[in-house]
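Observations on the model geometry
Each chain, written out:
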Amino acid sequence: MKTDDLIHLLAQGAGPAPRGVAARRLAPSAVVGMTASALLALVLLGWVPMALYAQVAPWFKLIYAGVLALAAGWLAAQLGRPLPRTRGPLVAVAAVLAGAALTGLVGWWQMPASERMPGLLGHSWATCPWNVLALSLPALAASMWALRGLAPTRLVAAGAAAGLFAGALGAFGYALACDELALPFVAAWYTLGVLLTAGLGALLGPRVLRW
């Protein structure tokens, strides 16, 4: 008997599944992760001056991280199910990442040629992805706990989705402390930090999410 047939057989007569279970588990992890990343950014790095919010970049950082967290949370919620439907969430995640990349490229071409590499690298390109990863760890722990209480069957993918979700939350917290103002910088190094967290989640998934 195939696995899908067995699942359908066991589900016969079980009644409708309760709605919103994944969202009810992931929502607290989002609150915990975002709060923890913001507080850690404040304590360890200090928040940027409010005057910087007259620029586009700080708002781009927050919007990018927030929208990516919503898309990745949707993907994680789907992968918390035995038979996930991931097409919609994957398209949403890809669209957010592509939008950020396009924004970075537009910002790159609008810069004078002499400012492009300095804008891309800023003064913190070597530490930015690792700061995002570090600030994502509380959210990663919380999202792994949330998924462990569900029924994921694709453990690597579920772990990666949890890491993507956590990475976006960590990027949101780091945005409050980062004073880089070039859009290519954000598109490159914030995204790398989020992807590093997704990679860590993929490594942890088979160990943490097994049931």
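Notes on the structure in this doc start here.

About the thresholds
- Residues numbered from 1 in each chain as written.
- Predicted model: local features only at pLDDT ≥ 70, side-chain atom pairs only at ≥ 80, totals over all residues.
- Heavy atoms only, no water.
- Helix = DSSP H or I, 4+ residues; strand = E, 2+ residues; numbered from the N terminus.
- Expected span 1.5 Å × (residues − 1).
- Bend = angle between axes of the 7 residues up to and from the residue.
- Axes fitted to C-alpha atoms, helices over the stretch in contact; angles between N-to-C directions.
- Parallel < 35°, antiparallel > 145°, perpendicular 65-115°, else oblique.
- Left-handed = near helix turned anticlockwise from the far one by under 90°.
- Contact = heavy atoms within 4.5 Å.
- Nonpolar A, V, L, I, M, F, W, Y, C, P; charged D, E, K, R; others polar.
- Core = buried A, V, L, I, M, F, W, Y, C linked by side-chain atoms within 4.5 Å.
- Buried < 20%, exposed > 50% of the residue type's maximum accessible area, 1.4 Å probe, protein only.
- Phe/Tyr/Trp six-rings, centres within 6.5 Å; stacked < 30°, edge-to-face > 60°.
- Lys NZ or Arg CZ within 6 Å of the ring centre and 35° of its normal.

1. Focus on helix H6 (residues 128–148)
Along an α-helix, residues three or four positions apart point the same way, because every turn accommodates 3.6 residues. For H6, spanning 21 residues, the distance from its first C-alpha to its last is 29 Å, which sits close to the expected 30 Å at 1.5 Å a residue. Largest kink in H6: about 45°, centred on Leu137, with the proline Pro138 one to four residues after it.

2. Looking at the environment of Ala41
Counting through the fold element by element, Ala41 comes out in helix H2 (residues 21–44). As for Ala41 and Ala158, which are separated by 117 residues in sequence, their C-alpha atoms are 27 Å apart.

3. Quick look at the packing of helix H5 (residues 113–121) against helix H8 (residues 183–208)
Between H5 and H8, the least distance of the axes is 7 Å, while the angle of their chain directions is 40°. Considering their axes alone, H5 and H8 lie oblique with respect to each other. Two packed elements cross with a definite hand, and for H5 against H8 that hand is right-handed. Residues Gly119, Leu120 and Leu121 of H5 form the contact with H8, whose participating residues are Pro184, Phe185, Ala188 and Trp189. Per-class residue counts for the contact of H5 with H8 are six nonpolar, one polar and no charged.

4. Thoughts on the nonpolar core
Core analysis: the biggest nonpolar cluster contains 58 residues, and Tyr64, Leu68, Cys128, Tyr174, Phe185 and Tyr190 have the highest contact counts within it. Listed by contribution, the elements that provide at least two residues to this core are H2, helix H3 (56–79), helix H4 (87–110), H6, helix H7 (155–175) and H8. Considering each element in turn, this core owes the most residues, 13 residues, to H3. Residues in contact with Leu68, not counting those within four places in the same chain, are Val93, Val96, Leu97, Ala168 and Val194.

5. Quick notes on the packing of aromatic side chains
In this structure the tally under the stated criterion is four aromatic pairs. For the ring pair Tyr174 and Tyr190, a centre distance of 5.6 Å and an interplane angle of 45° mean the geometry is tilted. Within this pair, whereas Tyr174 is found in helix H7, its partner Tyr190 is found in helix H8, the two being separated by 16 residues in sequence. Take Tyr174: its relative accessible area is 5%, and that puts it in the buried class. On the basis of relative accessible area, Tyr190 is assigned to the buried category, the value being 1%. Looking at Arg25, its charged tip hangs above the ring of Trp145, at a distance of 4.2 Å from the centre.

The quantities given are spatial measurements derived from coordinates; they are silent on function.
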